[in-house]
Amino acid sequence: MDASEINQKVRQVIAEHAQLPADLPPLEDQTNLYEVGMASRASVNMMLALESVFEIEFPDSMLNRAVFESIAAISEAVEELLG
Amino acid sequence: MSMSHAEKQEAFRQGLLEHRILIQTQVPGIFGHAAPFDAVIRKLEARIDREVAGEAERVYFPPVLAREVVRSTGYMENFPTLCGSVHSFTGDGALHSALVERVKQGGDWGEFLEQSQVVLVPSACYPLYPTLEGELPPGGKLFDLVGHVFRHEPSDDPTRMQAFRQRENVRLGSADEVAAWCEGWLQRSIRVLSALELPVRLDLATDPFFGRGGRMMKATQRAQELKHEVTVALFSEERPLAITSINNHQDHFGHVFGIHGADGGYAHSACIGFGLERIALALFHTHGFELEGWPAGVRDALEL
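Computed from a predicted structure; not experimentally measured.

Caption draft 1: Summary view of the overall build of chain A. In terms of helices and strands, chain A carries three helices and zero strands. Going from the N terminus to the C terminus, chain A shows its helices and strands as α-α-α. Against the globule reference of 12 Å for 83 residues, chain A gives a C-alpha radius of gyration of 12 Å, in line with a compact fold. Across its three principal axes, chain A shows a C-alpha extent of roughly 35 × 25 × 20 Å. With 83 residues in all, chain A has 42% of them scored as buried. The contacts of chain A with a sequence gap of at least 6 include a subset with a gap of at least 24, amounting to 54%. As displayed, chain A offers around 4,500 Å² of accessible surface, 46% of which is attributable to carbon and sulfur atoms. Computing the positive centroid from 4 side-chain charges and the negative centroid from 15, chain A places the two 6 Å apart.

Caption draft 2: Looking closely at the pattern of salt bridges. Residues and elements named next belong to chain B. Here the structure, examined in full by the defined rule, presents 23 salt bridges over all chains. Taking the shortest distance from any N to any O, the salt bridge between R71 and E68 comes out at 2.5 Å. Here R71 and its partner E68 are both found in helix α3 (residues 67-73), three residues apart, which amounts to about one turn of the helix. With a relative accessible area of 58%, R71 lands in the exposed category. Classification of E68 as partly exposed rests on a relative accessible area of 41%. A salt bridge links E153 to R160, with the shortest nitrogen-to-oxygen separation between them at 3.2 Å. Counted as one network, the salt bridges with shared partners bring together E45, D49, R58, D144 and R167.

Caption draft 3: Representation of the sheet that holds strand β12 (residues 241-250) of chain B in the model. All names here are of chain B. The sheet built from seven strands is open, its strands ordered β3-β8-β9-β14-β12-β11-β10 with mixed pairing. Sheet topology places β3 (57-58) and β10 (200-204) at the edges, where each strand pairs with a single neighbour. Across five bridges, the pairing between β10 and strand β11 (residues 227-232) is antiparallel. Bridge pairing links V200 to V232 in β11.

Caption draft 4: A look at the environment of B:S116. Residues and elements named next belong to chain B. Tracing the backbone shows S116 in strand β6 (residues 114-120). S116 sits 28 residues away from S88 along the chain, and the two C-alpha atoms are 6.3 Å apart. Dropping the residues within four chain positions of it, S116 is found in contact with R67, V86 and H87. Of the polar contacts made by the side chain of S116, one reaches the backbone nitrogen of V118; its length is 3.1 Å.

Caption draft 5: Expanded view of the interface of chain A and chain B. On the side of chain B, eleven residues touch chain A, which itself brings 14 residues to the contact. For the pair chain A and chain B, the summed buried area comes to about 1,200 Å², and 59% of that belongs to carbon and sulfur atoms. Among the residues chain A hides against chain B, the three largest losses belong to A:R41, A:L63 and A:R65. Together they make up 48% of the total. Our count for the chain A to chain B interface comes out at three salt bridges. There are five residue pairs in polar contact (both at pLDDT 80 or more) connecting chain A and chain B.

Caption draft 6: Geometry of the nonpolar core. Counting 102 residues, the largest nonpolar core has A:F58, A:F68, B:I243 and B:L283 as the members making the most contacts within it. Not counting chain neighbours up to four residues away, the residues in contact with B:I243 comprise B:L193, B:L198, B:V200, B:V230, B:V232, B:G273, B:F274, B:G275, B:R278, B:I279 and B:A282.

Caption draft 7: Broad picture of the sheet that holds β6(B). All names here are of chain B. If you walk across this open sheet you meet the three strands as β4-β6-β5, and the pairing is antiparallel. Two strands bound the open sheet, and with one partner strand each, they are β4 (64-66) and β5 (85-88). Across this sheet, the average inter-strand angle for adjacent strands is 50 degrees, counted without regard to direction. Judged from the three bridges that link them, β5 and β6 form a sheet pairing that is antiparallel. Bridging across to β6, H87 finds its partner in Q115.

Reading the values: the criteria
- Residues numbered from 1 in each chain as written.
- Chains lettered and ligands numbered in written order.
- Predicted model: local features only at pLDDT ≥ 70, side-chain atom pairs only at ≥ 80, totals over all residues.
- Heavy atoms only, no water.
- Helix = DSSP H or I, 4+ residues; strand = E, 2+ residues; numbered from the N terminus.
- Rg over C-alpha atoms; globule rule 2.2 N^0.38 Å.
- Buried < 20%, exposed > 50% of the residue type's maximum accessible area, 1.4 Å probe, protein only.
- Contact = heavy atoms within 4.5 Å.
- Areas by Shrake-Rupley, 256 points an atom, 1.4 Å probe, with all protein chains shown as cover.
- Lys, Arg positive; Asp, Glu negative; His and termini not counted.
- Charge placed at Lys NZ, Arg CZ, Asp CG, Glu CD.
- Salt bridge = Lys/Arg side-chain N within 4 Å of Asp/Glu carboxyl O.
- Pairing = 2+ DSSP bridges.
- Polar contact = N/O pair within 3.5 Å; in protein donor to acceptor, adjacent residues only side chain to side chain.
- Buried area = accessible area lost by both parts, 1.4 Å probe.
- Core = buried A, V, L, I, M, F, W, Y, C linked by side-chain atoms within 4.5 Å.
- Axes fitted to C-alpha atoms, helices over the stretch in contact; angles between N-to-C directions.

Have a look at this one:
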């Protein structure tokens, strides 16, 4: 899976699970998702959806806020786990 | 030879029972309170009354809560093992016979019961939030309450009761108002509890969120410094006992229950919860099983 495909899938998971306000401008890769309204519980559901979509498992060391704070950060983590 | 954490804990439990401070029941983690323990809890409540007098609106809720609140707050996602759900018999005569037979045999009769509309209150402030739907007055609100809570975690540790009381103050308002209130209580709680000559410490803490999702919830809570605990190292430095917690919920409850600030945004909320039994236990552990022997400063602070 190439980087742009990962980025697209990450965006789709965010759209379905991050429960962001409807009136947001389009997300930049670096947009901080927590700052634009992603609640902790929504970030957990997003994490579980990412595991299912990419067939990966985030190790405990990655289960923190920084890994899930932006499309860029999430994509980087997913790329790392996909090897 | 020095005792382990578990040995010290068991010795403390034995001491509490032998000095008739707590009364053992048939269930681990459920204790009766004998006179000295009851007296200390009353005095603690009175001490907190004096501390918060006139600041807050006093409210009371019974120890059961609409089960809908468990659904809407995500309690089962976060704390499924702690929840106490209330079920009752609603069947006919034939089913009643089967129920009675099962009960007589000492078996699990859960299958004959229907879920009721209520669960046991898991935190004293939970019943409050659903009643606050709508807009807060300018400056927000402050409530004072005490309630029985239940957490299903059977244990022989007398400091981990399944049913206990929390004295809470709950602040609702803007993000800044609530954060400032929490900040104030970090200092104030230490002052109140160290006046009881307890060797207290303030620690950053997390709630016992369940499972893998819970690991992330904990990491988020910790990174944002949303929960603090006042702790006392009773049996070991590594596993101190939390006797009071200060929790900033941000807009979690505001969002779930449609509570708005005067500015129209979702209200933020926070609570300070004094664990009355745990503070009393820390006092007995620190100052001894005989109230008469407690230091004069502690007796004065509690008006014992």
